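Understanding the architecture of this molecule
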Amino acid sequence: MRKLTILGATGSIGTSTLSVVAQNPEQFEVIAIGANTDVQKMLQLCQQWQPQYAAMANSDAALALEKELKTVQLSTKVVSGQEGLCFIAQLDCVDTVMAAIVGAAGLMPTMSAVKAGKRILLANKEALVMSGQLFIDAVEQYGAELLPVDSEHNAIFQCLPESIQTNLGRCDLEANGVSSILLTGSGGPFRYSDLSELSHVTPEMAIAHPNRSMGPKISVDSATMMNKGLEYIEARWLFNSRQGQLKVIIHPQSVIHSMVQYLDGSVVAQMGLPDMRTPIACTMSYPERVDSGVKALDFASIGEFTFLQPDYNRYPCLKLAIDACYEGQYATTIINAANELTVDAFLNRQLRFTDISKVNEQVLNKLTTKLQNLELKDLESVIELDRMARIYTVEQLKKVTV
């Protein structure tokens, strides 16, 4: 039986993870759960799963949860802050950690799990976007096991030979007969919209993803295709790919989750309904398979598959992220920090949809010029750069009128 810590238990990935656990109670046990501020949801989860530990990133929320747990006479121990999240990520009695905290906040707890040598189910793409080589080096140094949860990266993972699956970050695609990786994306809700209409997009319109139910931040990133840009960066590190070995293609049906092209002309694709329980179950049980609770594809009802080349005029955030990928680790850290703040500003109606990419580009250009050739030698330097990028992004946002 695998014993789990779930970081980001109240989010969509956490919910899907617990659904897989419920589907396979004899195979998985929930030892610890972590979240940010949602006390009532955490209380419900503690009552249902009775974990040994519950961590709240927000200290006030931790106190409130502790009070609620005493009221219902549950013995779950509450820990708080980043220290609390790191604590549950490295518990001796845990062997598997679902890393699903959204954004830069997930970096330190995920790295704590790596340093404790856990099986890391990586749903927090920012860990690799921000720390890249540092993260891959740490996985090797501490003997951790890295398995990708993002549906696209998990699809690629499933389409690759075992020799690559068990050597992520250090693998040689060409030596294993791989010519290129095709990273698919839905194109979001505005893939056919007139470009002139995008400046009038509201948060409600942007979070209405056509194929998936996701959190607001990720939904907006899907609409701008920044999400695909961040996934591109993550794929570069996961699969040790060179420029030219990674390509992005729009697939509106979201049935083919990604593909791998081989030197002999073969293309291997992973398909399934757009349900995160499938890749989650794959990583939780690897190399075995368990019932995820997801229905099999009915090919007759799908109709047809279509594919489009991404238009960078429609998706400037995608181009920014891809360029940052080959600019250097500092550039991907900057673009991730800037994007978190610009998306938040858009969701709070403080920024137009089309200004997300403009402010991201301003921040990236300014700090890239200032910090060119900067070496990020440790996590502390990564976190400091992230802090600097956020300060400058806030300054830029103050200059924007809605």
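The structure presented is a predicted model; accordingly, all values stated were derived computationally and were not measured. (Residues numbered from 1 in each chain as written. Predicted model: local features only at pLDDT ≥ 70, side-chain atom pairs only at ≥ 80, totals over all residues. Heavy atoms only, no water.)

**Here's the deal with the overall build of the protein chain**
The helix and strand inventory of the protein chain stands at 17 helices and 11 strands. Its C-alpha atoms give the protein chain a radius of gyration of 20 Å, within 12% of the compact-globule value 21 Å for 402 residues. Viewed in the frame of its principal axes, the protein chain has a C-alpha envelope of about 55 × 50 × 45 Å. By the burial criterion, 56% of the 402 residues in the protein chain qualify as buried. In the protein chain, once contacts between residues fewer than 6 apart in sequence are set aside, the share between residues at least 24 apart is 71%. (Helix = DSSP H or I, 4+ residues; strand = E, 2+ residues; numbered from the N terminus. Rg over C-alpha atoms; globule rule 2.2 N^0.38 Å. Buried < 20%, exposed > 50% of the residue type's maximum accessible area, 1.4 Å probe, protein only. Contact = heavy atoms within 4.5 Å.)

**Some points on the pattern of salt bridges**
Under the defined criterion, the tally for this structure stands at 18 salt bridges. In this structure, the salt-bridge partner of Arg119 is Glu145, at a minimum N-O distance of 2.9 Å. Residue Arg119 is found in strand β6 (residues 119–122), and its partner Glu145 is found in strand β7 (residues 145–148); the two are separated by 26 residues along the sequence. Between Lys217 and Asp221 there is a salt bridge whose closest N-O contact spans 2.5 Å. Linking Lys217 with Asp221, this pair stays in helix α10 (residues 216–224), spanning 4 residues, or about one helical turn. Summarising the burial analysis for this pair, Lys217 and Asp221 share the class buried. Ionic contacts of the salt-bridge type, sharing partners, join the residues Asp137, Glu140 and Arg170 into one network. (Salt bridge = Lys/Arg side-chain N within 4 Å of Asp/Glu carboxyl O.)

**Some details on the environment of Ala331**
Within the element layout of this structure, Ala331 appears in helix α15 (residues 329–347). Sequence separation between Ala331 and Val30 is 301 residues, and the spatial gap between their C-alpha atoms is 37 Å.

**Quick look at the environment of Leu341**
By the element assignment, Leu341 lies in helix α15. With 52 residues separating them along the chain, Leu341 and Thr393 place their C-alpha atoms 7.1 Å apart. Not counting chain neighbours up to four residues away, the residues in contact with Leu341 comprise Arg390, Thr393, Val394 and Leu397.

**A closer look at the sheet that holds strand β8 (residues 178–185)**
Paired through their backbone hydrogen bonds, the strands of a sheet run either parallel or antiparallel. Strand order across the open sheet formed by 4 strands is β9-β8-β10-β11, with mixed pairing between neighbours. If you trace the sheet from one side to the other, it starts and ends with β9 (246–250) and β11 (267–271), each paired once. Strand-to-strand twist across the sheet, computed as the mean angle between neighbouring axes with direction ignored, equals 20°. Sheet topology places β8 next to β9; 5 bridges connect them, and they run parallel. (Pairing = 2+ DSSP bridges. Axes fitted to C-alpha atoms, helices over the stretch in contact; angles between N-to-C directions.)

**What to know about the side chain of Asn339**
Within the secondary structure layout, Asn339 lies in helix α15. Residue class for Asn339 comes out buried when judged on its relative accessible area of 0%.

**Some details on the packing of helix α5 (residues 107–115) against helix α6 (residues 126–141)**
Angle between the axes and distance between the axes are the two parameters that describe a pair of packed helices. At a closest axis distance of 11 Å, the pairing of α5 and α6 adopts a crossing angle of 15°. In terms of orientation, α5 lies roughly parallel with respect to α6. Relative to α6, α5 is oriented so that their crossing is right-handed. Together, Leu107, Thr110, Met111 and Val114 of α5 and Ala127, Met130, Ser131, Leu134, Phe135, Ala138 and Val139 of α6 make up the contact between the two elements. (Parallel < 35°, antiparallel > 145°, perpendicular 65-115°, else oblique. Left-handed = near helix turned anticlockwise from the far one by under 90°.)

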